[in-house]
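Coordinate analysis (summary)
The primary structure of each chain is shown beneath.
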Amino acid sequence: MASWLDGLGSGLGQSLGQVGGSLASLTGQISSFAKDILLEGAEGVGDAATELHVSNTRLREIESINAAQKFENERLKKVCSDLEEKHEAAELQIKQLSIEYRNQLQQKEVEISHLKARQNALQEQLQKAQTAAQSAKLGAGVLPPTATSASYVSVVRHSSGFEGDDMDFGDIIWSQQEINRLSNEVSRLESEVDHWKQIALSSKVQGASDAEQSEMCKLQNIVKELKQNLSQEIEEHQHELSVLQDAHRQKLVEISRRHREELSEYEERIEELENQLQQGGVNADARDDSKISAQKKNAHSLEGGKVEELQVVKDLEDEIRKLNDKLSSAKEENKILLKEQELANAEKIQIAQEYENLKSDFSMLQSSVAEQDALLKEQEKKLQSKMSLPEDVVRLQQALLEAENEIARLSSLNQEGLEKELTSAQHKNENILSAYTEDQNSELSQLRQDLERKEHELNESIAERETLIAELEELDKQNQEATQHMIKLKEQLSKQHTETDSIVKQLKFDIELERKKASELEIEKVEIAKELDSQKGKLSQCSYALNDLHISKQQLQDNVKGLQEQLRKAQECNLHYKNEIGELQQRLKEREKELSVSLSKLTEKSNQESNCQDLILKEREIEMAKLQNDIAANKQLNEHLEKSLSDLRTENGKLVAATEELKQELSDAISERNKVYLEKDAVVEALKVEKNQLESELNQVEKRLLEQAHKYKQTIEELSNARSMDTTALQLEHERVVKLNQEKDFKIAELKRSVEQMEIDHQETKEMLTTSLGGQKQLTELIKEKEVFIEKLKNQALQVKQELEEYMKVSKQQDVLKQNLEEKDRSLAVMKEENNHLKEEIERLKDQQSRSTAVVEPKTLDIIIELESEVTQLKVIKNNLEEEIEVHKKTIEDQNQTTVQLQQSLQEQRKEIDESKFLCEQMNVTHERLSLEKDEEIKNLQKTIEQIKTQLHKERQIIQTDSSDLFQETKVQTLNRENGNEKHDLSKAEIERLVKGIKEREMEIKLLNEKNVSLSQQIDQLSKDEVGKLTRIIQEKDLEIQALNARVSSASYRQDVLCLQQQLQAYVTEREQVLAVLSEKTRENSQLKTEYHNIMDMVAAKEAALVRLQEENQKLSNRSENSSQDMSRETIQNLSRIIREKDIEIDALSQKCQTLLTVLQTSSTGTDNGSGGVNSNQFEELLQERDKLKQQVKKMEEWKQQVITTVQNMQRESAHLQEELHKLQAQISVESDSNSKLQVDYNGLIQSYEQNEKKLKSFSQELAQVQHSIGQLHNTKDLLLSKLDLVTPSVAMTSTVPQLLGIQYSGPQVLSDESKLVQKELEQLKKKLQEKDSTIRALQQYNQGLSDSVTTASEIERKSQEGTETEMKQIKEKNDVLQKSLREKDILIKSKSDQLLSVSENLSNKENENELLKQAVTNLKERNLILEMDVRKLKDENEKIVARCREKETEFRALQETNMQFSVMLKEKEFESHSTKEKALAFEKLLKEKEQGKTGELNQLLNEVKSMQEKAVTFQQERDQVMVALKQKQMESSALQSEIQHLREKEQRLNRELERLRNHLLEMEDSYTREALAAEDREVKLRKKVLILEEKLVSSSTAVENASHQASLQVESLQEQLNLVSKQRDETVLQLTISQDQVKQYALSLANLQMVLEQFQQEEKAMYSAELEKHQKQTAEWKKKAENLEEKVVSLQESLGEANAALDAASRLTEQLDIKEEQIEELKKEGDIRREMLEDVQNKLMNLMNSTEGKVDKLLMRNLFVGHFHTPKNKRPEVLRLMGSVLGVKKEELDQLLSEDQRGVTRWVTGWLGSGAGSKSVPSTPLRPTHQNTFNSSFSELFVKFLETESCPSLPPPKLSVHDMKPLGAAGTDSAVLGMSRRPDTNRFLAPRSAAVPLVTPASSSGHLLMKPISDALPTFTPLPVSPDASAGAVLKDLLKQ
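Model, not experiment: these values are computed from the prediction.

**Observations concerning the overall build of the protein**
From N to C terminus, the protein includes 28 helices and 0 strands. Across the 1938 residues in the protein, those meeting the buried criterion constitute 28%. Across the protein, every contact between residues at least 6 apart in sequence was considered, and the portion connecting residues at least 24 apart equals 87%. Just so you have it, the protein exposes about 125,000 Å², and 55% of that area is on carbon and sulfur atoms.

**As for a positive patch on the surface**
A contiguous patch of positive charge on the surface is contributed by Lys1115, Arg1119, Lys1546, Arg1549 and Arg1552. For the positive patch, the elements supplying multiple residues, two or more each, are α16 (1050-1168) and α21 (1495-1748). Top element by residues in the positive patch is α21. It accounts for 3 residues. By secondary structure assignment, the location of Arg1552 is in helix α21.

**Topic: the packing of helix α23 (residues 1772-1783) against helix α24 (residues 1787-1795)**
In the contact formed by α23 and α24, the axes pass within 10 Å of each other and the chain directions differ by 150 degrees. Taken together, the axes of α23 and α24 lie roughly antiparallel to each other. For the pair α23 and α24, the sense of crossing is right-handed. Contacts between α23 and α24 involve Pro1773, Leu1776, Arg1777, Gly1780 and Ser1781 from the first element and Leu1790, Asp1791 and Leu1794 from the second.

**Here's the deal with the packing of aromatic side chains**
Overall, the coordinates contain 3 aromatic pairs when judged by the stated rule. When the centroid spacing of 5.6 Å and the interplanar angle of 45 degrees are considered together, the rings of Tyr712 and Phe746 count as tilted. Here the residue Tyr712 occupies a position in helix α9 (residues 610-724), and Phe746 occupies one in helix α10 (residues 729-817), the gap between them amounting to 34 residues. Look at Tyr712 and you get buried, because its relative accessible area is 19%. The exposure class assigned to Phe746 is partly exposed, which follows from its relative accessible area of 31%. On the basis of an interplanar angle of 45 degrees and a centroid distance of 5.5 Å, the ring pair of Tyr1092 and Tyr1242 is categorised as tilted. Of this pair, Tyr1092 sits in helix α16 while Tyr1242 sits in helix α17 (residues 1173-1286), and the two are 150 residues apart along the sequence.

**A word on the confidence of the model for the protein**
Mean pLDDT over the protein works out to 77, with 77% of the residues at or above the 70 mark. Overall, residues 978-986 carries pLDDT values under 50, and its contacts beyond four positions in sequence, including any with other chains, amount to 13 contacts. Residue range residues 1170-1174 is modelled with pLDDT below 50. Its contacts to residues more than four positions away, or to other chains, number 2 contacts.

**Some words on the environment of Asp894**
Considering the arrangement of structural elements, one finds Asp894 in helix α11 (residues 822-909). Classification of Asp894 as partly exposed rests on a relative accessible area of 29%. For the pair Asp894 and Leu1224, spaced 330 residues apart in the sequence, the C-alpha separation amounts to 9.4 Å.

**With respect to the pattern of salt bridges**
On inspection of all chains with the given rule, the structure shows 33 salt bridges. Note that Glu235 and Arg1423 form a salt bridge whose closest N and O atoms lie 3.7 Å from each other. Here Glu235 is found in helix α4 (residues 169-279), whereas its partner Arg1423 is found in helix α20 (residues 1344-1490), with 1188 residues between them in sequence. We classify Glu235 as partly exposed; its relative accessible area is 26%. Residues Arg1544 and Glu1449 are paired through a salt bridge, measuring 3.0 Å at the closest nitrogen-oxygen approach. Within this pair, whereas Arg1544 is found in helix α21, its partner Glu1449 is found in helix α20, the two being separated by 95 residues in sequence. Overlapping salt bridges, with partners in common, bring together Lys108, Glu111 and Asp501 in one network.

**Structural notes on the environment of Lys1448**
Structurally, Lys1448 can be placed in helix α20. Using a relative accessible area of 28% as the deciding quantity, one classes Lys1448 as partly exposed. Put simply, Lys1448 and Leu1536 are 88 residues apart on the chain and 8.9 Å apart in space, counted from C-alpha to C-alpha.

**Overview of the nonpolar core**
Grouped together as the largest cluster of nonpolar side chains are 9 residues: Met1757, Leu1760, Val1775, Leu1776, Leu1778, Met1779, Val1782, Phe1839 and Leu1843. Looking at this core, the elements that each hand over two or more residues are α22 (1754-1766), α23 and α26 (1835-1846). Per element, the largest residue contribution to this core is 5 residues, and it comes from α23. Counting residues in hydrophobic clusters, the runner-up holds 7 residues, among them Leu1156, Val1159, Leu1160 and Phe1483.

**As for the packing of α22 against α23**
Direction vectors running N to C along α22 and α23 enclose 165 degrees, while the axes themselves pass 9 Å from each other. Judged by the inter-axis angle, α22 sits roughly antiparallel to α23. The handedness of the crossing between α22 and α23 is left-handed. Facing Leu1756, Met1757, Leu1760, His1764 and Phe1765 of α22, the residues of α23 in contact are Arg1772, Val1775, Leu1776, Leu1778, Met1779, Val1782 and Leu1783.

**Here's the deal with the environment of Leu1217**
In this fold, Leu1217 is placed in helix α17. Taking C-alpha positions, Leu1217 is 9.7 Å from Leu740, a pair spaced 477 residues apart along the chain.

**Observations concerning a negative patch on the surface**
On the surface, a cluster of negative charge is contributed by Glu1711, Asp1714, Glu1717, Glu1718, Glu1721, Glu1722 and Glu1726. Judged by its relative accessible area of 44%, Asp1714 is partly exposed.

Rules and cut-offs
- Residues numbered from 1 in each chain as written.
- Predicted model: local features only at pLDDT ≥ 70, side-chain atom pairs only at ≥ 80, totals over all residues.
- Heavy atoms only, no water.
- Helix = DSSP H or I, 4+ residues; strand = E, 2+ residues; numbered from the N terminus.
- Buried < 20%, exposed > 50% of the residue type's maximum accessible area, 1.4 Å probe, protein only.
- Contact = heavy atoms within 4.5 Å.
- Areas by Shrake-Rupley, 256 points an atom, 1.4 Å probe, with all protein chains shown as cover.
- Patch = residues over 30% accessible without salt bridge, like charges linked within 9 Å, V, L, I, M, F, W, Y side chains within 5 Å.
- Salt bridge = Lys/Arg side-chain N within 4 Å of Asp/Glu carboxyl O.
- Lys, Arg positive; Asp, Glu negative; His and termini not counted.
- Charge placed at Lys NZ, Arg CZ, Asp CG, Glu CD.
- Axes fitted to C-alpha atoms, helices over the stretch in contact; angles between N-to-C directions.
- Parallel < 35°, antiparallel > 145°, perpendicular 65-115°, else oblique.
- Left-handed = near helix turned anticlockwise from the far one by under 90°.
- Phe/Tyr/Trp six-rings, centres within 6.5 Å; stacked < 30°, edge-to-face > 60°.
- pLDDT = per-residue confidence, 0-100.
- Core = buried A, V, L, I, M, F, W, Y, C linked by side-chain atoms within 4.5 Å.

As structure tokens, this is what we get:
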């Protein structure tokens, strides 16, 4: 429809334009014709010739005019024919549309009938449902169907009117009636709809819309809250992490420092003890050894404590890692939630857009639904009037009414528009009719007057009627056009109706979808809430985990306290045991005295009672052995007491060390406080720097704003200048050029900003690189220090080796001296074993050195690799930034090209615009400067990169001292690739090699761990096995080892110990340094990560803001361009049309006025003067005026062409601008692609970084595992030591170092067993003592006489023992006092340490709070920056909008001014036309009055007047059109004003928001300043507290120093006491020696007595010894038997296992046997076949054997015989032997034969020849003369030559093989082949030429004939093992040897 209407409009426009042109030409011709006629009348013609001439000229002119009119008539006919064709085409289209409309009407009628049937069905249901009371109303219920049927009939009647193809006027009238009826129905339905709205549905619609909006707002608020919660939680997690990391670092530093201080203290203590040793003599060696052992124990215990602390630290590290993992998981979940929220927001936006689209569609398409709903409403109203509806009908009404409310509105609007159009068309028709009726009346009145006067006027009236008829035809045409317009409107309505039906369905479907989406959104909301709850739960779990950590810490402290209490209890138990042991010793001494008394009595009574004494002596011997055991036990108890004393000394040493530790902790606290102050100062300086940066940025922003303000002022001035210029085409072009320049300036400013941002990014990357370089320098310095340290360690190791070699020499000398003594040989063996152990330990230490270096190197290598990976990542980032710079360069170059193109186009169009050229040149210069600056910056960056490369190269060369070859190769390759300009990425090969190197290092670490585990297991096993042996050896060899230790120089061993301890310390310090470096690097990595994430967030925010700005710019530019272009085109077209039409009117009217004036002048002059000269002058003047007017018309046409050219130029420029827009869009797409690529690269970098982090975590976990394993080893060692210390009473104690070493290797199980054995032995001793008491009581009765003599000696000994016991008790009391004082000091130290810990914790908390405040300040600064950026963006957008609004306002003002001018012009033209009409009427009256006689001229004048009237009518129509167009323009201007108001309101809103944001910022700044002041106050308070704490620390340090001084004094006093005790011990030792001498004397006396007793006891002893030997033998046999039985049991068990395995194998074998049996059966079958074949072969062979038995090879025998005679006589026995060997004669028989004389041989030869006389003679080979010389040679040589000649037969011998026997069967071939293949390769010398049977046959175990050897009758060689490679000569020589 639209295209058809457009075509009609264009065709009509063209035709009307042509008609207008023809009318203009006609008017010009008529005016010229009128002038000529008037001039003819005016001329006075005197002569007939002149009259003829004039008449001829006039005839010619008339003919020419006639020809022109004919031409015009033909052209008009063509136009009419074209219009008729178009009219026919339009009628055809109208017919088709009418047919479609009729079909639609029929469909609607069918639908109405369906609805009626449904209504009837509903009525029937209602009638059924009604009660009997409503039956009276059924009669009224019959009425509606009748009415509906009537309406249906009318509809059918109306539709039948459309059956004809032609549209009549009646159809149009009927359609108008229908429209009126429908409008009435619509108004009625609208009233009903308003009623229903008020009742039911107004609240629902509002509620739905409000609910949807409220839901959207709620969801947005929830999303904001979730984001805020997420950010808060992330910040809290980060703070917690930083706090934990700081605490962990502090703990590590404290532990490492403590360890170092302890080691230094021990070294000092050892040096002091060495000095004391040197001062003290040989007597103090044993004591020093005991002290060294005690100090070693202290060292071990301290190492154990250190290990425990390390374990605690490791546990904390593991927990921190777990928390980190939880944090990372929480962060990932938060990211996922954020992504889901973004998706939900996007979906919400999409839903909102769809909802708005649906609303618009719904509002557009509700008009058509109103008609159907109107019908339904009528039915519902009728039903309501008649009966009450059921619930189902009410529901249907409500559902329909929801849609009807808004549909009614739109239908009313559409119908109002139609009514307005109809009324406007009717008004137009009425105006036209009224105008024509007025004209007709005036003309009729004039004609009536003329008819009364003249008859000629009748013809004129006839002509006027003809013109009226033509006008009526035109009116008919207009009416037809109006009817066509109405039909089109109807068709449009029908189409809209069909479209609304479809769209209503779509709307319903979309509403359902929206409900579903709303439900889905609610579900998502619930899920988000659940996820929030889960995150809160995770946070609570993290807090619980932290609480658990604190609780576990407290539990560990409690455990430590419990262990200390257990130690105290164990000490008390030791004291108790010591008391019991002393009591037992006293009892033993008493019993010994009693025994001595009984012995003396026995000696006196021995002579009397010899028989009974024998028995008693036996018992006494047993008792003596027991007592000796008891004495040994007492010795052990004494040793245990000595050990307890050494333990007490070690505890004293521990207390001294603890005091020193406190001192060092105080110094550490002071140093940490200084560090804190330094860090605070650094932070303050950093904040100052940040403040300066912010101030500089604010200054830059202010400068930018000032520059923009200057630019805007310049643009406003330029616009004002352009406005002040003339309103011509140049002004418009100038304004456009100014706008283009402004846009370019904006683009350039944006580019400058982007360039500045890039510069800032470059500076940041430079700073990052400098920081990384500083870290690398620190690493290199650390590595150098470690290398120096390793060299020192190597030197120390060499010194240790030299010392060891010296010690080895000394030990060899000692071995030479001690070779004579057998007992000392054993001790030497023991010493050698110990030396071997020491060597192994030294080798282990060396291995540990090498391992430690190897471990350190991979750690450093790993650190370097990590740093390199970071450097590569930074390089990648730098490369990405360089690529972005290149992209920006390309964009700058493209913009330069575009500016050059624009300059060219401007130069081609307008060379006059020099200012724009100047500006463009300036812009080019600035761009070039910027590009040059950028190039310089890039060069500088490249230089910096090269410098960094060189530095890296140097550092790598330094680092590559002890690294592996693989690492060097990778470094060289990386450097080569960097020098080869491959700057972008590390190659894959390098990465793979690095990964391989890392894997190899991991494998090495795993192997070392496995070796450590295996060594620890071996050590455990050795310790368990060797403890028992070592204890026995130690008990036996105490004295020997003491002597050896006295000889061995103690200083050398101590030096070894010192060296080893120094090495251990060095290794520990190295490990701590490496750990510190690793922790620092991890911290730096975390900081870099956070900075990188912040930067990327900023970049992402900037990119998002840029994208938004670009989208808004595109939208606004598109809107402005579209609106401005459409407006400008329409206005220009309308203005050009109006100007053309008005020019034509003015020309025509001016020409007519001039002609009328000339006529009046000529008439007046003619009446006055009567002369014709004046008329001719006037005619000439008129012609001149006409020429002038023509010139003016030409000028106007030229101006019109200029306007057209300007419009075309504007169109071209718009095309250029569109092309530029497309280019910019393409550039934007390229930039977006590059951005996406960068994002992909960034994601890859993040993934690689995460992989590196995972690798780091795995390495750290492996490190932790290794440390854990080391800690476990230390724990096991400490446990062993502690158990040894606890259970020492069971082991014999000496003051030597080897004994301590032996004890260190003892295991816990052995010690526990020994403790049990000790208890058992004590119990047995008690029982034995009780038994002895009973026996001794019996003996006391006999031995009272002897007791008196012994009591005196016993009393002396008792006194001495009591003195020693009192001394021991005093020493114990002193020890108890010292222990109490030490415990009190321990408590004081613990309290002080707790106070210190609390103070340090407070300090750390305050530092953490400061860090939190700092982070909050930085976050707020970042937020302020983001808000400032947003404010700037909003300001820019506002300024752009303001500029556009100003441009629009200027355009609207210009349009309003042009409209005003045109309206003034139109009024002036109308006034002129009215004035000309009045003048024309006056002139006509004057002419009528003056020239009554000149009828022809009057007719011409009347014709002209008619044409003028027609033109006036046309002008009025055009004026109406112009007024309509003006009204449209006013409507458009009002719409634009409303838009401007909307924009102003938006501006106001934005300004309000800006003010609100400013206020908010001010409030935030105030709050931040308050917080900063509060923080400063807190800092001041904290500093005061710190000062107070420092004072307390100083006081506590002084107190601790005093306490340590007192403790040192006490230690010195204790040492003096120890010296006294040692002296007392020496005295007791002397007394012991004296007592031992006495004991020896007693022993001599006893020996004398025993000599007497031995004579009596020898016989009994012999008996007892024999019995003992028997019993021992029996026990040995029984033991052997038991061992045999055990071996048998073991063997039986093994055999059982083997039998089980054999059973399993047998079960398998049975299965295999079954398979094999089947195979055997198959093989048997084949064997039977083969046997048959073999039997056939055997038969043949037997036949052959029978035939060849007893035959001898004649040739061979002949040759042998002849050779015998050819040989010399000396060597004939050899030939005979050979012949005998060929014939099978034994050697013995041959010897007998040869030993006899010659006759024996002749007998043998003659007998041999005689037996062969009957054989055939063989022809002898005649001798040649050459053979005579060979007689001198031996027979064997000749025989060999003969055989060699004979071995090559001229003819092949007859073969006897299975191949010749094929006819026997095909199966035989296989066996024969097998036989041939199995046969060994026989030599060709063994096969004679004439042999019928082979001489050598393979032997076989089977009884087959082929396999048996040939019978003795046949001549055969003995079978020899011959290799196939052997020569013939060698074989024959072997034969000769046999």
